[in-house]
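# Remarks on the overall topology
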Amino acid sequence: MAAARGFGPERDAEPAKEARVVGSELVDTYTVYIIQITNGSHEWTVKHRYSDFHELHEKLVAEKKIDKNLLPPKKIIGKNSRSLVEKREKDLEVYLQTLLAAFPGVAPRVLAHFLHFHFYEVNGITAALAEELYEKGEQLLGAGEVFVIGPLQLYAVTEQLQQGKPTCASGDAKTDLGHILDFTCRLKYLKVSGTEGPCGTSNIQEQLLPFDLSIFKSLHQVEISHCDARHIRGLVASKPTLATLSIRFSATSMKEVLVPEASEFDGWEPEGAAFEGPVTAIIPTWQALTTLDLSHNSISKIDESVKLIPKIEFLDLSHNGVLAVDNLQHLYNLVHLDLSYNKLSSLEGVHTKLGNIKTLNLAGNLLEHLSGLHKLYSLVNLDLSYNRIEQIEEVRSIGGLPCLEHVSLLNNPLSIIPDYRTKVLTQFGERASEVCLDNTPTTEKELDTVEVLKAIQKAKDVKSKLSNPEKKVGEESRLSAAPCIRPSGSPPSAAPTSASLPQPILSNQGILGDE
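Residues numbered from 1 in each chain as written. Predicted model: local features only at pLDDT ≥ 70, side-chain atom pairs only at ≥ 80, totals over all residues. Heavy atoms only, no water.

## Quick look at the overall build of the protein chain
In plain terms, the rule: A run of DSSP states H or I qualifies as a helix once it reaches four residues; a run of E qualifies as a strand once it reaches two. Both are numbered from the N-terminal end. Exposure categories follow from relative accessible area, calculated using a 1.4 Å probe and restricted to protein chains: below 20% of the type maximum is buried, above 50% is exposed, and the middle band is partly exposed. The contact criterion used is simple: two residues touch if any of their non-hydrogen atoms lie within 4.5 Å. In these tables, accessible area is a Shrake-Rupley quantity obtained with a 1.4 Å probe, and a residue counts as shielded only by the protein chains included in the view.
A tally of helices and strands in the protein chain yields 11 helices and 18 strands. The buried share of the protein chain, reckoned over its 515 residues, is 45%. Considering only residue pairs separated by 6 or more positions, the protein chain has 55% of its internal contacts joining residues 24 or more positions apart. Working note: accessible area of the protein chain is about 25,800 Å², and carbon and sulfur atoms make up 52% of it.

## Here's the deal with the nonpolar core
The following threshold applies: Residue types Ala, Val, Leu, Ile, Met, Phe, Trp, Tyr and Cys, when buried and joined through side-chain atoms within 4.5 Å, form a set referred to as a nonpolar core.
In terms of nonpolar packing, the biggest core is built from 88 residues, with Leu-362, Leu-373, Leu-384, Ile-398 and Leu-409 touching the most fellow members. The element contributing the most residues to this core is helix H5 (residues 122–143), with 4 residues. The residues touching Leu-409, leaving out its near neighbours within four places in the chain, are Leu-384, Ser-385, Ile-389, Val-395, Leu-414, Ser-415, Tyr-420, Val-424, Leu-437 and Asp-438. By size, the runner-up hydrophobic cluster in this structure holds 36 residues, among which are Ile-35, Ala-107, Ala-156 and Leu-209.

## With respect to the sheet that holds strand S4 (residues 147–149)
This is how it is decided: Paired strands, in this sense, are two strands between which DSSP finds at least two bridges.
Read across the sheet, 11 strands follow the order S4-S5-S7-S9-S12-S13-S14-S15-S16-S17-S18 without closing on themselves; strand pairing throughout is parallel. Of all strands in the sheet, those bounded by a partner on one side alone are S4 and strand S18 (436–437). Examined bridge by bridge, strand S17 (residues 406–408) and S18 share 2 bridges and lie parallel to one another. Bridged to His-406 within S18 is Cys-436.

## Considerations on unusual backbone geometry
A positive phi is found at Tyr-341, a non-glycine position, where the angle reads about 55°. With a phi close to 55°, Asp-438 is a non-glycine residue in the positive phi region. With a relative accessible area of 9%, Asp-438 lands in the buried category.

## As for the side chain of Asp-228
Rules: Under this definition, polar contacts are N or O atom pairs within 3.5 Å; protein pairs additionally need one hydrogen-donor-capable and one acceptor-capable atom, and for neighbouring residues in sequence, both atoms have to be side-chain atoms.
Mapped onto the secondary structure, Asp-228 falls in the loop between strand S7 (221–225) and strand S8 (232–233). In this structure Asp-228 comes out as buried when scored by relative accessible area, which is 10%. Polar side-chain contacts of Asp-228 include one of 3.0 Å to the backbone nitrogen of Arg-230. Contact partners of Asp-228, with chain neighbours within four places excluded, come to Gln-207, Leu-208 and Ser-250.

## Looking at the sheet that holds strand S2 (residues 30–39)
Strand pairing in a sheet takes place through backbone hydrogen bonds and is either antiparallel or parallel in direction. Here is the rule: What counts as an axis is a line fitted to C-alpha atoms, over the stretch in contact for a helix, and the angles between N-to-C directions run from 0 to 180 degrees.
With respect to topology, 3 strands assemble into an open sheet ordered S1-S2-S3, the strand pairing being antiparallel. Only two strands of the sheet have a single neighbouring strand rather than two, namely strand S1 (17–27) and strand S3 (42–49). Each strand of the sheet is rotated relative to its neighbour by a mean of 20°, with strand direction disregarded. Alignment of S2 against S3, held across 8 bridges, turns out to be antiparallel. Each residue of the ladder has a partner; that of Ile-37, found in S3, is Trp-44. Of the strands in this sheet, S1 and S2 touch helix H2 (residues 82–102), which is tilted by about 155° from S1.

## As for the packing of H5 against helix H6 (residues 151–163)
For clarity, the cut-off: Note on terminology: angles under 35 degrees are roughly parallel, angles over 145 are roughly antiparallel, angles of 65 to 115 are roughly perpendicular, and the others are oblique. When residues are grouped by polarity, Ala, Val, Leu, Ile, Met, Phe, Trp, Tyr, Cys and Pro land in nonpolar, Asp, Glu, Lys and Arg in charged, and all others, Gly among them, in polar.
Look at H5 against H6: their axes get within 9 Å of each other, and the N-to-C directions meet at 105°. Between H5 and H6, the interaxial angle falls into the category roughly perpendicular. Residues Val-122, Asn-123, Ile-125, Thr-126 and Leu-129 of H5 pack against Leu-152, Gln-153, Tyr-155, Ala-156, Val-157, Glu-159, Gln-160 and Gln-163 of H6. Tallied by class, the residues present in the contact of H5 with H6 amount to 7 nonpolar, 5 polar and 1 charged.

## Some points on the pattern of salt bridges
Heads up, the rule is: Every case where a carboxyl oxygen of Asp or Glu lies within 4 Å of a side-chain nitrogen of Lys or Arg is listed as a salt bridge.
Overall, the coordinates contain 13 salt bridges when judged by the stated rule. Here Arg-431 makes a salt bridge to Glu-434, at a shortest N to O gap of 3.4 Å. Residue classification places Arg-431 among the buried residues on the basis of a relative accessible area of 10%. Residue Glu-434 is classed as partly exposed on the basis of its relative accessible area, which comes to 22%. Through salt bridges that share partners, Glu-138, Asp-182 and Arg-186 make up one connected network.

## A few points about H2
Heads up, the rule is: Multiplying 1.5 Å by the helix residue count minus one yields the expected span of that helix. This arc corresponds to the set of directions leading from the helix axis out to the C-beta atoms.
Counted at 1.5 Å a residue, the expected span for H2 with its 21 residues is 30 Å, and the 30 Å between its end C-alpha atoms agrees. Those residues of H2 that sit buried are Leu-84, Val-85, Arg-88, Glu-89, Leu-92, Tyr-95, Leu-96, Leu-99 and Leu-100. What you see down the axis of H2 is that its buried residues fit within an arc of 140°, all on one side. When the buried face of H2 is taken as reference, the exposed residues oriented beyond 90 degrees from it are Ser-83, Lys-87, Lys-90, Val-94 and Ala-101. On its buried face, H2 sits against S1, S2, helix H1 (50–64), helix H3 (109–114) and helix H4 (117–120).

## Notes on the confidence of the model for the protein chain
Note: predicted coordinates in regions of low pLDDT should not be interpreted at a detailed level. Rules: How sure the predictor is of each residue is captured by pLDDT, a score from 0 to 100.
This prediction gives the protein chain a mean pLDDT of 86; 84% of its residues lie at or above 70. In this model, residues 3–11 is a region of pLDDT below 50 whose contacts with residues beyond four sequence positions or in other chains number 21 contacts. Residue range residues 485–515 is modelled with pLDDT below 50. Its contacts to residues more than four positions away, or to other chains, number 55 contacts.

Given below as structure tokens:
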């Protein structure tokens, strides 16, 4: 695995590049030579037939005036014989090594492409990216499209900037690094998508490469996947403008993303907060961030770094390893929360942390009891599917919530109880007709059955009181507040396809509108 060089002011001397012909293979009627290029710790392979070498040589002779006799000559008779192929492998290796020695800095464009420098080598990658943005940059910016780039490309740009070389070392104005910097200063929508495993034919583990995002000055939306959050620098430079952030398959903690500088200080507090005790740093908040997607990571704790995202409205922490609902009391604007597919086993006291929540997805956890949900008075959508809820009585904890409209209890043990739907709907009392259970609207037949069950329950309660005249029977914990006010004549909203948190990252079409 190729080791990634870290950031820092001191740069190692640029490693010498090597090219070796490590073998060959017969394809149809011609021989293909396998070339291994080494650039420091990075290696990759390229395959070419002899005619490709000949074409490269002709261009280099014309453009760079190299010795026309440098390339071993063609052979017509016995060109695929083993002895000729082995000799040619050695001669072609000498040829390539001679070329690399002749151009130790930036290789000529034709040679760079022949050896796939534009895929795997810092100068080649940045030159190719600069040329692409020279030709299409203004069009991309004007269309407001999401620009997709790989970690390897960002690593190359970061390395090139830190080398302190001229921005146009090749002499070709189209490949000037300035085209990249001009584009990144104005880009609003960025997607950084890594790959799992080695990149292409190389040994480069793209997801482990460090890169710096501080060259982006106007970002409104960022999506990052399959990178190592610990190696991402400069994202905090986008705090003034960034409204939507998604980092998936990349992080082991929220701190890595929201306050990467925390490791440098013993104690820190968000800017503008009242604090007690020693504080070694005041950290600016993510003042524009309203949507944060940290799903599909390895996060086990909702840590104190959430204090830095006070304006968050949509938070997705699904598919992690979160054990408890902590610290969310700092998010006064939070209305949509996705904690599905985590390791939550208790909801005790959750109402003290989620006062204004409207959509809550708790599917795929370890929940058996719902008592902590009984005071979420603003809750409209609740997904409790794929948990461990066994008793119908648990539904009473949410039966009195005045605004609740959509509930999912699919794939819980209680969902196989006979007459499960009507028994659940009965727990909502007079609001049974307003509740959509498991994405299926309540039918008139079900409502009739609910009325019968309510009457039976009422009779049981009366009988219980008569048989215990001296015993004061405590009433069930029901909310006495009036139900949510809707416009006159307005029916309950249609059941959504899912009560899950909306996708925070917009599609290309979704961001084309005016700011």
